[in-house]
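Each chain is listed here by its residues.
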Amino acid sequence: MAEVPLLKELYAQHLDQGVVVVGISLDEELKPLQEMVTSKGMSWPQIHDADKSLVKLFNVKGTPTYFLIDREGKIAAKDIPMKRLGTAIDDLLRK
Amino acid sequence: MRRRTLEGLFGSPGKGRRLGLALLLITLTVNAQNTPAPDKEMARVQVMISHAKKDAEQFLKSGGKPGDAKDPNLKWFKALWKYREKYREKQASSPATVAATVEALRLLNRAERYSELRAKADTLKPDDAAWKQVFYVLMSAASKSKDYSYLISKAEALAQAAVDPEIKAQARFNIGDAYWRTKDNDRARQAFQAVITEYPGTQYAEEAEGNLREIEFLNLGQPAPEFARTTLAGDSISLDGFKGKVVVLKFWGTY
């Protein structure tokens with residue numbers, strides 16, 4: 001969970017620049033997910049992928065996994081590490 | 001950073017895993033007192049493994065370089081391999097022998113002694129119960145050394161020579177994965193397709209299907225697959241609805 005503060009910062013920085021973060025949780029249970037979203041103050045939308053259908057759709061093999069999608073809906077990065085996410089977003093915003 | 005695999009994360013959450021380990025240790029201790037042979041052996045191997053881990057941490061902390069003559073991974077590789085050699089005829093498939101074998105090879109990989117690793121892997125028989133985990137070690141070695149040729153030829157040989165369908169399926173899967181990582185998508189597709197056709201219903205077939213879909217549809221520059229879901233807050237969202245914005249999808253879990 002060390003990445004949550006970083007993502008929060010990134011989210012806050014880019015919120016008004018047309019950047020959306022969507023959390024897709026692979027948790028089996030809903031309750032711990034709801035609790036953590038509240039306690040860590042994750043204000044971006046959260047999807048509970050209980051049936052793993054999105055995991056399958058994106059062929060996700062582990063967590064955390066980040067996908068970056070550009071303004072036209074195309075895959076700009078997959079399986080990108082958190083530390084490179086900020087730069088990659090800035091690159092896309094400049095396009 | 002070691003990522004959690006889906007296998008690990010669907011099976012047991014982090015806290016559960018730690019609890020499971022504690023229970024395992026208790027079980028090992030209890031069993032060691034009541035029943036002698038197999039678990040006592042496993043405990044012996046576990047002790048070597050934990051010594052190896054501690055020594056390696058010390059070594060790296062004090063500035064040691066992997067593969068140095070003084071790399072403790074080499075010393076513990078020798079001890080574990082000696083253990084394997086002692087039991088490989090009589091108890092090749094006992095959990096203790098398998099654990100010693102896998103760990104010995106893992107230590108060679110950590111010490112970046114790739115040619116020695118290949119030579120030792122060559123001594124395993126096609127149906128050695130250790131193969132299931134040894135594939136992971138060889139994949140890691142191939143990825144670190146950026147040389148997949150040994151892994152591919154070994155897996156080709158095992159896909160032919162092994163009897164155990166699980167080893168055969170895994171061998172085919174590894175061929176696909178190795179070709180995919182070297183960007184030879186045609187051969188990767190062929191191998192994954194073979195896994196699906198020859199080993200339907202297995203975990204490998206399911207993963208191969210996912211990889212085939214990824215090779216076709218999840219490349220950079222391709223349209224991201226559309227989905228629509230309801231969020232925890234009760235909002236309906238879809239990827240299409242975010243057109244014109246940059247979207248970060250984070251797959252994660254609380255575990």
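So, how was this worked out
- Residues numbered from 1 in each chain as written.
- Chains lettered and ligands numbered in written order.
- Predicted model: local features only at pLDDT ≥ 70, side-chain atom pairs only at ≥ 80, totals over all residues.
- Core = buried A, V, L, I, M, F, W, Y, C linked by C-beta atoms within 7 Å.
- Buried ≥ 20, exposed ≤ 12 C-beta atoms within 10 Å, placed from the backbone.
- Helix = DSSP H or I, 4+ residues; strand = E, 2+ residues; numbered from the N terminus.
- Domains from an automatic or database assignment.
- Contact = placed C-beta atoms within 7 Å.
- Nonpolar A, V, L, I, M, F, W, Y, C, P; charged D, E, K, R; others polar.
- Expected span 1.5 Å × (residues − 1).
- Pairing = 2+ DSSP bridges.

Student: What exactly am I supposed to notice about the nonpolar core here?
Tutor: The tendency in soluble globular proteins is for nonpolar side chains to be buried as a group. Membership of the largest hydrophobic core comes to 51 residues, with the highest contact counts inside it found for Ala-104, Leu-105, Val-134 and Leu-138 of chain B. If one sorts the elements of this core by residue count, helix α5 (residues 95-110) of chain B sits on top with 9 residues. For this core, the two domains that each supply at least three residues are domain 1 (47-147) and domain 2 (148-221) of chain B. Filtering out sequence-adjacent residues up to four positions away, Ala-104 of chain B remains in contact with Phe-77, Leu-80, Trp-81 and Arg-84 of chain B. Counting 24 residues, the second-largest nonpolar core is a separate cluster that includes Phe-58, Tyr-66 and Phe-67 of chain A together with Trp-252 of chain B.

Student: What exactly am I supposed to notice about the domain arrangement of chain B here?
Tutor: Residue and element names in this part refer to chain B. Segmentation of chain B into domains returns domain 1 (47-147) and domain 2 (148-221). Between domain 1 and domain 2, the contact holds 12 residues from the first and 17 residues from the second. Only α6 (114-122) and α7 (131-145) provide two or more residues apiece to the side of domain 1 that touches domain 2. Per element, the largest residue contribution to the side of domain 1 that touches domain 2 is 7 residues, and it comes from α7. A breakdown of the residues in the side of domain 1 that touches domain 2 according to their chemical character gives 7 nonpolar, 1 polar and 4 charged.

Student: When you look at the interface of chain B and chain A in this model, what are you seeing that I'm missing?
Tutor: Taken residue by residue, the interface counts 38 residues in chain B and 47 residues in chain A. Of all the elements in the fold, those that place two or more residues in the side of chain B that touches chain A are β1 (4-5), α1 (6-11), α11 (203-217) and β4 (246-252) of chain B. With 7 residues, the top contributor of residues to the side of chain B that touches chain A is β4 of chain B. Looking at side-chain class alone, the side of chain B that touches chain A contains 19 nonpolar, 10 polar and 9 charged residues.

Student: For this particular structure, what's the right way to read α5 of chain B?
Tutor: In an α-helix there are 3.6 residues to a turn, and that puts residues three or four apart on one side. Residue and element names in this part refer to chain B. The first and last C-alpha atoms of α5 sit 22 Å apart over 16 residues, in line with the 22 Å expected at 1.5 Å per residue. Within α5, 15 of the 16 residues are buried, leaving the element largely enclosed by the surrounding structure. Phi turns positive one or two residues past the end of α5, at Glu-112, with a value near 55°.

Student: Could you clarify how one ought to interpret the pairing of strand β4 (residues 65-69) of chain A in this entry?
Tutor: On a regular strand, each side chain points to the face opposite its neighbour's, so the side chains alternate between the two faces of the sheet. A large share of β4 of chain A lies buried, amounting to 5 of its 5 residues. Here β4 of chain A shows no split at all, with Thr-65, Phe-67 and Ile-69 of chain A on one side and Tyr-66 and Leu-68 of chain A on the other all buried. Examined bridge by bridge, β4 of chain A and β4 of chain B share 5 bridges and lie antiparallel to one another. Looking at the pairing, Phe-67 of chain A lines up with Leu-249 of chain B of β4 of chain B. Bridge count for β4 of chain A against strand β5 (residues 75-78) of chain A is 3 bridges, and the pairing is antiparallel.

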